[in-house]
Amino acid sequence: MQRRPGFPARMPGAGSAPAKPAPQPSAARQYAAVPTGVGLDSSAVRARMVQKLVASGIDSAMVLHAMGSVERHRFVDSALANQAYEDTSLPIGLGQTISKPNVVARMCELLLGAEIARTGGLGRVLEIGTGCGYQAAVLSLLAREVYTLERLRGLHDKARDNLRPFRLANVHLLFGDGMLGYAKGAPYAAIIAAAGGDAVPQAWCDQLAVGGRLVAPMALSGGQQMLLVIDKTPHGLKQNVLEPVHFVPLKSGIA
Ligand code: SAH
């Protein structure tokens, strides 16, 4: 897309005003405002993590940019910060874990493949299982609005503390049972679950927009947990079973 000249138009070479930097997306600007540090050059380590994501087959530029921007080490205990950019899941308290970067990137890439997202990008997204808030921060760079539900009060509070410095105006942290979805924000262009059950709750399908996509781990017959993609088409739901995954269990109720 060609940029229209600003007004008043400036002739090349006229005056000595430096060229204006290209406008950044607002969320990226917010990240840039967060002070860096904890004793590790996190942008270089993140760049290496992104290279590994590319090598593992992630090729969405938007996802790679988001993964390269969000400071994962800020979402884990400081004692684990030096492992934050390894492709490993890490404990976040209350028996829960933050997913591997590779799995987060893979699931985000799948969301962007929703029919409804192909033209105008991702609109509203519902995340089940806020955990420490890391994936919600990644999603905030990929979607217009992110609604994220957590059933454990302790983690809901932790995510709020973790996310506060990033000032992500498009992330809505909700405390409640994600198995019921969140009807007030529906319909969603995408729903992503970070915890695995053995059936897809009806509420999730109901709250998905036509053209929208659900990505969730699910235990299939035999007990093996697999990554499931469900597309809501004008003719009904279309399901695809992808690779095996290992997520914490989806539980009902709050605690
Ligand atoms: N996306 C998270 C991963 C958290 S692990 C992150 O980036 O950190 C999965 C989370 O799902 C856990 O915190 C668990 O408490 C939560 N969870 C499990 N069942 C849930 C439910 N029914 N509703 C909401 N959250 C749930």
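Residues numbered from 1 in each chain as written. Predicted model: local features only at pLDDT ≥ 70, side-chain atom pairs only at ≥ 80, totals over all residues. Heavy atoms only, no water.

Some points on the overall build of the chain
Item 1. Scanning the chain from N- to C-terminus turns up 8 helices and 9 strands.
Item 2. By the burial criterion, 48% of the 255 residues in the chain qualify as buried.
Item 3. Sequence-distant contacts in the chain: of pairs separated by 6 or more residues, those separated by 24 or more amount to 58%.
Item 4. Just so you have it, the chain exposes about 13300 Å², and 55% of that area is on carbon and sulfur atoms. (Helix = DSSP H or I, 4+ residues; strand = E, 2+ residues; numbered from the N terminus. Buried < 20%, exposed > 50% of the residue type's maximum accessible area, 1.4 Å probe, protein only. Contact = heavy atoms within 4.5 Å. Areas by Shrake-Rupley, 256 points an atom, 1.4 Å probe, with all protein chains shown as cover.)

With respect to the pattern of salt bridges
Item 1. Applying the stated criterion across every chain yields a total of 6 salt bridges.
Item 2. The closest approach of N and O atoms between E71 and R74, which form a salt bridge, is 2.6 Å. (Salt bridge = Lys/Arg side-chain N within 4 Å of Asp/Glu carboxyl O.)

Regarding the side chain of S60
Item 1. Tracing the chain through its elements places S60 in the loop between α2 (42-55) and α3 (61-69).
Item 2. Judged by relative accessible area, which is 15%, S60 ranks as buried.
Item 3. From its side chain, S60 meets the backbone nitrogen of V63 in a polar contact 3.1 Å long.
Item 4. Contacts of S60, omitting those with residues within four sequence positions, involve E109 and L112. (Polar contact = N/O pair within 3.5 Å; in protein donor to acceptor, adjacent residues only side chain to side chain.)

Focus: the site of the ligand
Item 1. Residues in close proximity to the ligand total 28 residues, the closest being T97, E150, D177, G178 and K251.
Item 2. Interatomic distance of 3.3 Å between a backbone N/O atom of R151 and a nitrogen atom of the ligand.
Item 3. At 2.7 Å, a backbone N or O of G178 approaches a nitrogen atom of the ligand.
Item 4. When atom positions are compared with the pocket grids, the ligand is found to occupy the largest pocket.
Item 5. Those elements that place two or more of their residues in the shell around the ligand are β2 (96-98), β3 (122-128), α6 (134-140) and β4 (143-150).
Item 6. It is β2 that contributes the most residues to the shell around the ligand, 3 residues altogether.
Item 7. Grouping the constituent residues of the shell around the ligand by class yields 14 nonpolar, 9 polar and 5 charged. (Near = heavy atom within 4 Å. 1 Å grid on protein atoms, 1.4 Å probe; cavity = no way out; pocket = protein on both sides within 12 Å on 5 of 7 lines; lining within 4 Å. Sits in = over half its atoms within 2 Å of the grid points. Nonpolar A, V, L, I, M, F, W, Y, C, P; charged D, E, K, R; others polar.)

Quick word on the packing of aromatic side chains
Item 1. Using the criterion set out here, one finds 4 aromatic pairs in the structure.
Item 2. With 5.7 Å between their ring centres and 75° between their planes, F75 and Y134 make a pair best called edge-to-face. Pair noted here: F75 is in the loop between α3 and β1 (90-93) and Y134 is in helix α6, with a separation of 59 residues, a long-range link. Here F75 and Y134 have matching classes, each one buried.
Item 3. Positioned over the ring face of Y134 is R72, at 5.5 Å from the centre of the ring. (Phe/Tyr/Trp six-rings, centres within 6.5 Å; stacked < 30°, edge-to-face > 60°. Lys NZ or Arg CZ within 6 Å of the ring centre and 35° of its normal.)

Here's the deal with the packing of α3 against helix α4 (residues 101-112)
Item 1. Interhelical geometry of α3 versus α4 gives an angle of 145° and a closest axis separation of 9 Å. Every pair of crossing elements has a handedness; the one defined by α3 and α4 is right-handed. Here α3 contributes M62, V63 and M67 to the contact with α4, which in turn contributes P101, V104, A105, C108, E109 and L112.
Item 2. Of the residues that constitute the contact of α3 with α4, the class distribution is 8 nonpolar, no polar and 1 charged. (Axes fitted to C-alpha atoms, helices over the stretch in contact; angles between N-to-C directions. Left-handed = near helix turned anticlockwise from the far one by under 90°.)

Some words on the pairing of β3
Within a regular strand, side chains alternate between the sheet's two faces.
Item 1. Among the 7 residues that make up β3, 6 are buried, leaving the element largely enclosed by the rest of the structure.
Item 2. Sheet analysis places β3 next to β4, joined by 6 bridges and oriented parallel. If you follow L126 over to β4, its bridge partner there is Y147.
Item 3. In terms of handedness, the path from β3 via α6 over to β4 forms a crossover that is right-handed. (Pairing = 2+ DSSP bridges. Right-handed = clockwise from strand over helix to strand, strands pointing away.)

So, the side chain of T148
Item 1. Following the sequence through the fold, T148 ends up in strand β4.
Item 2. On the accessibility criterion, T148 (0% relative accessible area) is buried.
Item 3. Engagement of the side chain of T148 in a polar contact is seen with the side chain of T130, the distance being 2.7 Å.
Item 4. Not counting residues within four places of it along the chain, the set of residues in contact with T148 comprises E127, G129, T130, A136, V171, H172, L173 and L174.

Remarks on the nonpolar core
Item 1. Within the largest apolar cluster, 53 residues are counted, with the highest numbers of intra-cluster contacts made by M67, F75, L122, Y134 and V138.
Item 2. Top element by residues in this core is α4. It accounts for 8 residues.
Item 3. The contacts of M67, once residues within four sequence positions are left out, are R46, M49, V50, L53, P101, V104, A105, Y134 and V138.
Item 4. With 19 residues, the next largest nonpolar core counts I128, W204, L228 and L250 among its residues. (Core = buried A, V, L, I, M, F, W, Y, C linked by side-chain atoms within 4.5 Å.)

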